[in-house]
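Below, each chain spelled out in residue letters.
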Amino acid sequence: MPLTFIDIPRMHGPKKEQILKIYEQLKHIFSSYGQGVDCICFVAPANNVNLSHDEVDYIQSILYLFQTDLSTDMHCFHTFADAGQPCLRSVLDSYNVQNYESYTVNWSAFFQESSEFSSPFWKMNVSSFDEFFSQLRTLTPKTLRRTLEGTPPTLEKSEILKLDIAELHPEVNEDLAKLEETMSNVETFIDHKDEIMSDGDFSFTIEEIKQTKQPLQPGIHVTNCMNCFFTCHEKCGIPDDDGKKDCSSMRDGYCMVCTDHCIWSAHKNTPYTFHYTSVQVTKSYKELKTKYEEEKGKILEFDDYLEHLDNEIKGLLDRIRRKIDRITEYKNELRGIEKSPLAGSINDTIDDMINAERRKKEKGYEKRIKMFLELKKHSKLIRIERQ
Ligand SMILES: [Zn+2]
Ligand SMILES: [Zn+2]
Ligand SMILES: [Zn+2]
């Protein structure tokens, strides 16, 4: 019986686009041949001591394309194997990739004259293939998923998710304002260190941007998109979330105001709206430092105080990142794509938030965008440290 191999090489570019392209190509192949695949194989050097998070994510995304339980059904060929347990196994285990079949092989024997060195490798290859082919006979073919979109949650669950997002979003904005203020204070103190040192103080005026919560007038409602963080219809007459499909911003169940034409069920009414106001305030180094010293009960030198502010910035960045992480999770769940390769990442959510700021152009939006970019830089560092 002839064997057909489909090679799925790793491509460059954004993951979602890659996966969609592969999915479409596989769909095309299967529509002509009308069948699934008997088995999904993964080939990698046995002595690889590391796989990046992206590589593991890619493997799992490929597995997801087929109707298979994510934890099984992969046949892993460890190439260049020489002795003992392949290192790659512990790498896969550390990422919680479970129940895959392992085969150790060493192709070098195929390309050499038979010798005392190549003979054990031949034996290893032959026995691995024996095992693989006998396994192959027992496998049930896997078909491609009909769609990569998941099943959206129940109405009740989706209301909870939307409410969670609606509560977290202003919290993020508040933390973002604190972050901006602290970062700009540090900059000012460093720039005026000489004056602070000689005079013991330095005063400066800044524009403080505050988020204000405004309750809606009775009978007035809004249509907010939980996916884009945008108000799609400001004076909407429809109070109930399950009636939002009839909002004037919708056409055939999809929003014409959202950039991505989000589905009506991603929209929510909130009893209030958030806006920004600004005030000019004069602050002084001494006043800010003394306030902190009184809280902590100790006197700080310039450098110590700046170190404390730096730690505060790190803490804020972490806190905002964790909140956006949660928003991302809820957004994915809302669309039922939390397990799909189409699931958005924290960077996608940050991009959506930046995009919403650019469209709304509310007071201080440039500063908030700057902080979002700072957050992206910070998230990247965390990732590098972890690898
Ligand atoms: Zn939207
Ligand atoms: Zn409306
Ligand atoms: Zn919308």
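Residues numbered from 1 in each chain as written. Chains lettered and ligands numbered in written order. Predicted model: local features only at pLDDT ≥ 70, side-chain atom pairs only at ≥ 80, totals over all residues.

## Concerning the overall build of the protein
Helix and strand content of the protein: ten helices and ten strands. Relative to the globule expectation of 21 Å for 387 residues, the C-alpha radius of gyration of the protein, 28 Å, shows a markedly less compact shape. Taken along its principal axes, the extent of the C-alpha atoms in the protein is 85 × 60 × 30 Å. Looking at the protein as a whole, 23% of its 387 residues qualify as buried. (Helix = DSSP H or I, 4+ residues; strand = E, 2+ residues; numbered from the N terminus. Rg over C-alpha atoms; globule rule 2.2 N^0.38 Å. Buried ≥ 20, exposed ≤ 12 C-beta atoms within 10 Å, placed from the backbone.)

## Some points on the sheet that holds strand β5 (residues 221–225)
An order of β6-β5-β9 is seen for the three strands of this open sheet, with the pairing classed as antiparallel. Bordering the open sheet on either side are β6 (230–236) and β9 (267–268), each of which pairs with just one other strand. As paired elements, β5 and β6 share four bridges and run antiparallel to each other. Each bridged residue has a counterpart across the sheet, and for His221 the counterpart in β6 is Cys236. (Pairing = 2+ DSSP bridges.)

## Examining the packing of helix α5 (residues 155–191) against helix α8 (residues 302–334)
Following both chains from N to C, one finds α5 and α8 inclined at 160 degrees, their axes separated by 9 Å at the closest point. As judged from the angle between their axes, α5 and α8 are roughly antiparallel. Considering only the axes of α5 and α8, their crossing is left-handed. When its residues are assigned to classes, the contact of α5 with α8 shows 19 nonpolar, four polar and twelve charged. (Axes fitted to C-alpha atoms, helices over the stretch in contact; angles between N-to-C directions. Parallel < 35°, antiparallel > 145°, perpendicular 65-115°, else oblique. Left-handed = near helix turned anticlockwise from the far one by under 90°. Nonpolar A, V, L, I, M, F, W, Y, C, P; charged D, E, K, R; others polar.)

## Comments concerning the domain arrangement of the protein
With domains assigned, the protein is organised as domain 1 (15–143) and domain 2 (155–216 + 270–386). Summarising the inter-unit geometry, the C-alpha centres of domain 1 and domain 2 are found 44 Å apart. For the side of domain 1 that touches domain 2, the elements supplying multiple residues, two or more each, are α1 (15–33) and α2 (53–65). Ranked by residue count, the leading element in the side of domain 1 that touches domain 2 is α1, at three residues. When the residues that make up the side of domain 1 that touches domain 2 are grouped by side-chain class, the tally is two nonpolar, one polar and two charged. (Domains from an automatic or database assignment.)

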